[in-house]
Amino acid sequence: MRQRLFRIILSLAFSMMTVVTGMASEPGQGTEIDTKVLTVGLFRYVPDIKAFGTALTAQWKNIEPDVTLRFVDWDCYFEEPKSDVFVFDGLYAPQYIEKGLLYPLGETIPARSAYPDWTLEQGYSQGTYYGIPQMVCMDTLFYHKEDHAVSRVQTMQQLYEAIGPRKTQALLPGRDEGVIADFSLNNEMKYYNILQDHTGKVVPVQAMGDVQADAMQYLKELYAMTGTAKGRYDDGNEFTRAEWFAQGHGRALYAYPEAMSAIVRFGQGDDTDVKAISSCEHPDVATAYVDYVSISSQIPVNKVEPAKKLVALLTSKPFMMAALKPASKEGVPQYLLAARQDVMQELAASDPNYQKLYRHLYRAKSWHVMTGTKDFAAWEAKVGPVIEKGLKNQ
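An account of the accompanying structure is given in this report. Quick caveat, the model's predicted, so the values are computed rather than measured.

Cut-offs and rules
- Residues numbered from 1 in each chain as written.
- Predicted model: local features only at pLDDT ≥ 70, side-chain atom pairs only at ≥ 80, totals over all residues.
- Heavy atoms only, no water.
- Phe/Tyr/Trp six-rings, centres within 6.5 Å; stacked < 30°, edge-to-face > 60°.
- Buried < 20%, exposed > 50% of the residue type's maximum accessible area, 1.4 Å probe, protein only.
- Helix = DSSP H or I, 4+ residues; strand = E, 2+ residues; numbered from the N terminus.
- 1 Å grid on protein atoms, 1.4 Å probe; cavity = no way out; pocket = protein on both sides within 12 Å on 5 of 7 lines; lining within 4 Å.
- Points joined across faces, edges and corners; volume = space filled by probe spheres on them.
- Nonpolar A, V, L, I, M, F, W, Y, C, P; charged D, E, K, R; others polar.
- Pairing = 2+ DSSP bridges.
- Axes fitted to C-alpha atoms, helices over the stretch in contact; angles between N-to-C directions.
- Parallel < 35°, antiparallel > 145°, perpendicular 65-115°, else oblique.
- Left-handed = near helix turned anticlockwise from the far one by under 90°.
- Contact = heavy atoms within 4.5 Å.
- Arc of directions from axis to C-beta.
- Salt bridge = Lys/Arg side-chain N within 4 Å of Asp/Glu carboxyl O.

**With respect to the packing of aromatic side chains**
Inference 1: For the structure on display, the rule yields 17 aromatic pairs.
Inference 2: Here the aromatic rings of Phe43 and Tyr45 are separated by 6.0 Å at their centres, their planes lie at 70°, and the arrangement is edge-to-face.
Inference 3: Phe43 gets classed as buried once you look at its relative accessible area, which sits at 4%.
Inference 4: Here the aromatic rings of Trp74 and Phe86 are separated by 5.8 Å at their centres, their planes lie at 75°, and the arrangement is edge-to-face. With Trp74 in the loop between β2 (68–71) and β3 (85–89) and Phe86 in strand β3, this residue pair connects regions lying twelve residues apart in the sequence.

Spelled out as structure tokens, the structure:
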């Protein structure tokens, strides 16, 4: 789920443009008229999207062999839904529901008990489900097993007390200093995440005001632990920082769960632990992201039933296991987190590193799910220069 926060910023700016220019796709644009074809838009920001497409095509043939799947190239961060069935960031669920873009799935969903309540909130409105969760994601702290000081921290504040600012400003720190984190872009959204955790609110009232001093201080501390050279480095490879950490640089890595794939590829999975920590001072709250599967409200009536079957398949245990596990014994899992607990339990039982992600991330917190507001792009433009100035002048 590379650069999710940066994509959110761009998408919110794009949403602002569509209000003025009408650039967005019409609701339902791209849905297939042919009743023997269902169009599908997958969530594209995963390590191996081909694995999702391959598993879906193979399993769908056993359900509706006479209905063909046609995959649509789309990006939920830049355009509204344009296929019959699609996977999208739950950031947009309230907006999509309000605009009438999602087909109501009913008062219940398949395997409801498999999903923690927090994964369902954004896709549920006034007694009706409009989406079923497929994947979840959250900021993750990776650290060396033998580092007992870091193993005890629960908050960003405690992490700073344990590690402190960088001792050197070289690009690559030694094993005994610093946190490897990405400050090359989207620092406004890092601040917003901290503000959410600090206030305990999904959309804090402070989000539309000036920069809040306490939340900014936690961002400064993470930046100080990272250092300018390493924080601002950008080579376009989402796994570069995970590879640095696996090669022995830094006391900790602050990234997404799928960074574990690079760590395992470099043979350091057994020596690495993970945890979810609050980005502020409160140990019991943290921000997560949920991706939902939904149906376009513009779908023809005679295609609704096969579309519902496809939504059920895209969120089923057999499909998620096939998409997330490696194709061979020698392969490395994607280490994405399924929304379904039964999927995560089976992945954890079959892979020791998935077990870490399940125990210390998926089950670790009372997560609140990321969402935005229609005024977000304007707010980002307002506070962005203030945040950058604060990081440079600390």
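On we go.
**Notes on the layout of surface pockets**
Inference 1: Taken as a whole, the second largest pocket encloses approximately 190 Å³ of empty space.
Inference 2: Together, 14 residues line the second largest pocket, and Asp48, Ala51, Lys325, Pro326 and Gln334 are the ones closest to its centre.
Inference 3: Put simply, the parts of the chain that give the lining of the second largest pocket at least two residues each are α2 (49–60) and α13 (317–324).
Inference 4: Taken together, the residues of the lining of the second largest pocket sort by class into ten nonpolar, two polar and two charged.

**Considering the pairing of β3**
Inference 1: Most of β3 is tucked away, with five of its five residues classed as buried.
Inference 2: Burial along β3 is two-sided: Val85, Val87 and Asp89 and Phe86 and Phe88, pointing in opposite directions, are all buried.
Inference 3: Where strand β1 (residues 37–41) and β3 come together, two bridges link them in parallel fashion. Paired with Val40 across the bridge in β3 is Val85.
Inference 4: For β3 and strand β11 (residues 287–295), the ladder comprises five bridges, and the chain directions are antiparallel. Bridging across to β11, Asp89 finds its partner in Asp291.

**A closer look at the packing of α2 against α13**
Inference 1: Axis separation between α2 and α13 bottoms out at 8 Å; the angle between their running directions is 140°. Taken together, the axes of α2 and α13 are oblique relative to one another. The element α2 and its partner α13 pack so that their crossing is right-handed. For the pair α2 and α13, contact is made by Ala51, Phe52, Ala55, Leu56 and Gln59 and by Pro318, Phe319, Ala322, Ala323 and Leu324, respectively.
Inference 2: In terms of residue class, the contact of α2 with α13 is built from nine nonpolar, one polar and no charged.

**Quick notes on the environment of Val293**
Inference 1: Note that Val293 resides in strand β11.
Inference 2: Under the relative-accessibility criterion, Val293 is labelled buried at 0%.
Inference 3: Along the sequence, Val293 and Gly41 sit 252 residues apart, while their C-alpha atoms lie 9.4 Å from each other.
Inference 4: For Val293, the residues in contact, after removing those within four places along its chain, are Val85, Phe86, Val87, Tyr130, Gly131, Ile132, Gln134, Val311, Leu314 and Thr315.

**Quick notes on helix α6 (residues 156–163)**
What sets the pattern is the α-helix's 3.6 residues per turn: residues three or four places apart point alike.
Inference 1: Looking at α6, one finds that the buried residues are Met156, Leu159 and Ile163. Looking straight down α6, one finds its buried side chains confined to an arc of 55°; they lie on one side.
Inference 2: Turning to α6, the residues buried within the fold contact β7 (140–144), α5 (148–151), β8 (179–180), α8 (213–226) and β9 (252–255).
Inference 3: Two residues or fewer past α6, Gly164 is found with a positive phi of approximately 75°.

**Structural notes on the environment of Ile299**
Inference 1: Following the sequence through the fold, Ile299 ends up in the loop between β11 and α12 (304–314).
Inference 2: On the accessibility criterion, Ile299 (7% relative accessible area) is buried.
Inference 3: Between the C-alpha atoms of Ile299 and Tyr103, which are 196 residues apart in sequence, the distance is 8.1 Å.

**A closer look at the pattern of salt bridges**
Inference 1: Counted by the stated rule, this structure contains 16 salt bridges.
Inference 2: With its nearest N and O atoms 2.6 Å apart, the salt bridge here joins Arg112 to Asp117.
Inference 3: By relative accessible area, Arg112 is classed as partly exposed at 28%.
Inference 4: A relative accessible area of 53% means that Asp117 is categorised as exposed.
Inference 5: A salt bridge links Arg241 to Asp182, with the nearest nitrogen and oxygen atoms 3.7 Å apart.

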